[in-house]
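# Structural overview for review
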Amino acid sequence: MGAVRNILFITVDQWRGECLSLRGHPHVRTPHLDALARDGVAFVNHFANAAPCAPSRASLHTGLYLHNHRVAMNGTPLDQRHTNWALEMRKAGYRPALIGYTDQTPDPRGLARSDPRLFTYEGVLPGLDEIAFAGMEKTGPWQADLLAKGYPADVKREMELLSLRAPGPDWEDGAPAPRPWAIKSEDGDTAFLISRAKEFISSQVSAREVPGFVLHLSILKPHPPFVASEPWNARHDPAKVDGFVRAPTRDDEGAMHPWLSYQVSNALYHAPENEKRLRRLKAVYYGLMEETDHYLGMLFAHLKREGLWDDTAIIVTSDHGEQMGDRHLIGKCGWFDESFHVPLIIRDPRAPASTRGRMVDAFTENVDIMPTLLSLLGLGVPRACDGRDLSPFLSGDTPRNWRTHAYWEYDFRDAGSDHVEKALGIAYDACHLAVLRGHEFKYVHFASLPPLFFDRLNDPQERRNLAGDPGHAPQIMAAMHALLSHRMMHEDRTLTHLRSSPLGLMERG
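Reading the values: rules and limits
Along each chain, the written sequence defines residue order, and numbers are assigned to residues from 1. Reporting in this predicted model follows two pLDDT cut-offs: at least 70 for local features of residues, and 80 or more for side-chain atom pairs to be given and counted; totals over whole chains, interfaces and linings ignore these cut-offs and use all residues. Excluding hydrogens and water, the side-chain values take into account all heavy atoms of the structure. By definition, any uninterrupted DSSP run of H or I lasting at least four residues is a helix, any uninterrupted run of E lasting at least two residues is a strand, and each is numbered from the N terminus. C-alpha atoms define the radius of gyration, and 2.2 Å times the number of residues to the power 0.38 defines the globule rule. By definition, residues are in contact when any of their heavy atoms lie within 4.5 Å. Residue burial considers only the protein chains on display, and all accessible areas are found by Shrake-Rupley using a 1.4 Å probe. For the charge count, each Lys or Arg is scored as positive and each Asp or Glu as negative, with His and the chain ends excluded. Where a charge sits is defined by one atom per residue type, namely NZ (Lys), CZ (Arg), CG (Asp) or CD (Glu). Between any two strands, at least two bridges found by DSSP are needed for them to pair. For this analysis, a ring pair means two rings from Phe, Tyr or Trp (six-membered ring only for Trp) whose centres lie within 6.5 Å, classed as stacked if their planes differ by under 30 degrees, edge-to-face if by over 60, and tilted for the remaining angles. Partly exposed residues are those whose accessible area sits between 20% and 50% of the maximum for their type, while under 20% is buried and over 50% is exposed, using a 1.4 Å probe and protein chains only. As used in this structure description, the phrase polar contact means that two N or O atoms lie within 3.5 Å; if the pair is within protein, one of them must be able to donate a hydrogen and the other to accept it, and residues adjacent in sequence are counted only when both atoms belong to side chains. Convention adopted: a line fitted to C-alpha atoms gives each axis, helices being fitted over their contacting stretch, and angles between N-to-C directions are expressed from 0 to 180 degrees. For classification purposes, an angle smaller than 35 degrees is called roughly parallel, one larger than 145 roughly antiparallel, one from 65 to 115 roughly perpendicular, and anything else oblique. Charged residues are taken to be Asp, Glu, Lys and Arg, nonpolar residues to be Ala, Val, Leu, Ile, Met, Phe, Trp, Tyr, Cys and Pro, and polar residues to be all remaining types, Gly included. Points on a 1 Å grid over protein atoms alone make up a cavity when a 1.4 Å probe fits among them but cannot get out, and a pocket when they form an open set with protein on both sides within 12 Å along at least five of seven lines; lining residues each have an atom within 4 Å of a point. Grid points are joined across faces, edges and corners, and a volume is the space filled by probe spheres set on the points. A side-chain nitrogen of Lys or Arg and a carboxyl oxygen of Asp or Glu constitute a salt bridge if their distance falls within 4 Å. By nonpolar core is meant a set of buried Ala, Val, Leu, Ile, Met, Phe, Trp, Tyr and Cys residues that side-chain atoms within 4.5 Å join together.

Looking now at the overall build of the chain. The helix and strand tally for the chain stands at 15 helices and 14 strands. In terms of C-alpha radius of gyration, the chain reaches 23 Å, essentially the compact-globule figure of 23 Å for 509 residues. Each principal axis of the C-alpha atoms in the chain carries an extent, and together these give about 75 × 65 × 55 Å. Considering only contacts within the chain whose residues lie at least 6 apart along the sequence, 70% involve residues at least 24 apart. Summing over all exposed atoms, the chain offers an accessible surface of approximately 20,500 Å²; the carbon and sulfur share of this is 53%. When the 57 positive and 65 negative side-chain charges of the chain are each reduced to one mean point, those points stand 3 Å apart.

Attention now goes to the pairing of strand β11 (residues 441–446). Here strand β10 (residues 432–437) runs beside β11; their pairing, made up of five bridges, is antiparallel. Opposite R437, over in β11, you have K442 as the bridge partner. Linking β10 to β11, which pair antiparallel, is a turn of three residues. In the sheet, β11 pairs with strand β12 (residues 452–455) via four bridges, with the strands oriented antiparallel. Bridge assignment links V444 to a residue of β12, and that residue is L452. As consecutive antiparallel partners, β11 and β12 are separated by five residues.

Moving on, we come to the packing of aromatic side chains. In this structure the tally under the stated criterion is 21 aromatic pairs. Measuring from ring centre to ring centre gives 4.9 Å for Y65 and Y407, while their planes differ by 75°; the resulting arrangement is edge-to-face. Linking Y65 in the loop between α2 (53–62) and α3 (66–69) with Y407 in strand β9 (residues 406–411), this pair joins segments that are 342 residues apart in sequence. Given the relative accessible area of 0%, Y407 is considered buried.

Our next topic: the side chain of R403. Structurally, the position occupied by R403 is in the loop between α13 (391–394) and β9. Looking at R403, its side chain comes within polar contact range of the main-chain oxygen of F363, at 3.2 Å. Among the polar contacts listed, one links the side chain of R403 to the side chain of D368, at a separation of 2.8 Å. Filtering out sequence-adjacent residues up to four positions away, R403 remains in contact with Y65, F363, T364, E365, V367, D368, G387 and R388.

We now examine the sheet that holds strand β4 (residues 129–133). With respect to topology, eight strands assemble into an open sheet ordered β4-β3-β5-β1-β6-β7-β2-β8, the strand pairing being mixed. Looking at which strands have only one partner, the edges of the open sheet turn out to be β4 and β8 (358–365). Direction aside, the axes of adjacent strands within the sheet are offset by 15° on average. In this fold helix α10 (residues 275–305) packs onto β1 (6–12), β5 (214–219) and β6 (312–318), with an angle of close to 175° to the strand it touches most, β1.

We now examine the packing of helix α1 (residues 31–38) against α10. Contact geometry of α1 with α10 gives a least axis separation of 7 Å together with a crossing angle of 50°. With respect to their mutual orientation, α1 and α10 come out oblique. In contact with P31, H32, L33 and L36 of α1, α10 contributes D293, H294, L296, G297 and F300. Of the residues contributing to the contact of α1 with α10, the split by class is five nonpolar, three polar and one charged.

Further remarks concern the layout of surface pockets. Its volume calculated, the largest pocket comes out at about 1,100 Å³. Looking at the lining of the largest pocket, the elements with two or more residues in it are α9 (258–263), α10, β9 and α14 (419–424). Counting residues per element, the lining of the largest pocket draws most heavily on α10, which supplies three residues. Per-class residue counts for the lining of the largest pocket are 21 nonpolar, ten polar and seven charged. Taken as a whole, the second largest pocket spans an internal volume of roughly 420 Å³.

The next subject is the side chain of E291. Position of E291 among the secondary structure elements: in helix α10. Of the side chains bearing the opposite charge, K221 lies closest to the buried E291, which forms no salt bridge; the N-O distance is 5.0 Å. Of the polar contacts made by the side chain of E291, one reaches the side chain of S185; its length is 2.6 Å. If near-sequence neighbours (up to four positions away) are discounted, E291 is found in contact with S185 and W232.

A few words now on the nonpolar core. Ranked by size, the top nonpolar core spans 66 residues in total, and within it I10, L217 and I314 carry the most contacts. Broken down by element, the residue count for this core peaks at 13 residues, all from α10. Among all residues touching L217, those that are not within four sequence positions of it are L8, F9, I10, T11, I99, L193, I194, A197 and L299.

Written out as structure tokens, the structure is:
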């Protein structure tokens, strides 16, 4: 097949992988994403490679694992030596555009300490033309749009707008539904971004630029704050949402591991003790997903009206998941599937009809997105990439020697505080864990803390840590060996295929 003409690359933020009706979720309904999957391929064992947002998106955009790109936390600069999919496309004559955000802090070397880009983690990925920003820290065109519509939107951070709620009691205080957002859905950030995306796409119809358009649409929802406009705030009864995977108490949960004991006591991550409040948050989380699906449906319909549906490849994924009360935690962290299992749907308009609706259960990862984007356009993949091209799956094949596990990392250091080091008695550079997750097991390795090992066949909720069980010593050793081998095989290899010689520079194909 020749190269696809256009690409629409969509990320939704903090979306758990099972939260699609096509996956049989008991509550969330996503008819437009379901339809996209029926016309494309859904990857049901897809995992993010890091958390939170900036580390994860660094993997998504560079195709590198965290131990190679080293964006350890939100605000850690992305080393300028790393390329990314946008830069590679620009070399081929594309002008990839951004609507939304990418959360990448620029390399500070060569910048003045007063450079405004060093005062936020919401920087733009090098190589992208920013069309419209909407994030959490900086204000932008969405705020101006609200002001023009008469909203009291004169604020310094978009988080303040995202947190505005209508007056009155909340569900846990006796109201019939969660208190809604003070901003109408049609005026919200998701609707605004979709509107700008439609404008961009329409402009490409008349321009018909060669070689085509590439648009990265990065939507904040369903990221917190968990506040939804009417009617999405009331789509789900908090009393009827599914429960939580957790031990009876926070202390019981923390007894599994020293890091977990620390984390469930961390004010930034421990879930509300009030279960009614937690249920309200989950109900709104589901409503935000359905609202996002609604607006994505409008965007897909616009592509069809403009005659671009059969010329445009579409990729939809997320940067990470959300604990939402599971393990007594909220946010994204640790070794948990809830935080790292995310959706991935790809529609390639060139794919044969026989492949449409395929559900791939092989392990895929966000580092695979960059190679896939480049492959769709017929471009080469840099040798440094840790990910692999997913295109063969789109045509009905399964690549040879495909991975048998997912891999991710979580760096829990804090450049602004030594609290975690003191609490756990470890060094700053030891605040790190790595996970190898197979169908039958999960192995978690800490730099300076005890490991964990779970038998996922007999303990799918991962309630029993078997790392100290002599009966499982052979499996644990095999998992440890597999993790070490994986790391060794994915160290930086940008130039490892080259060697100088009397005949000149030799290159291994």
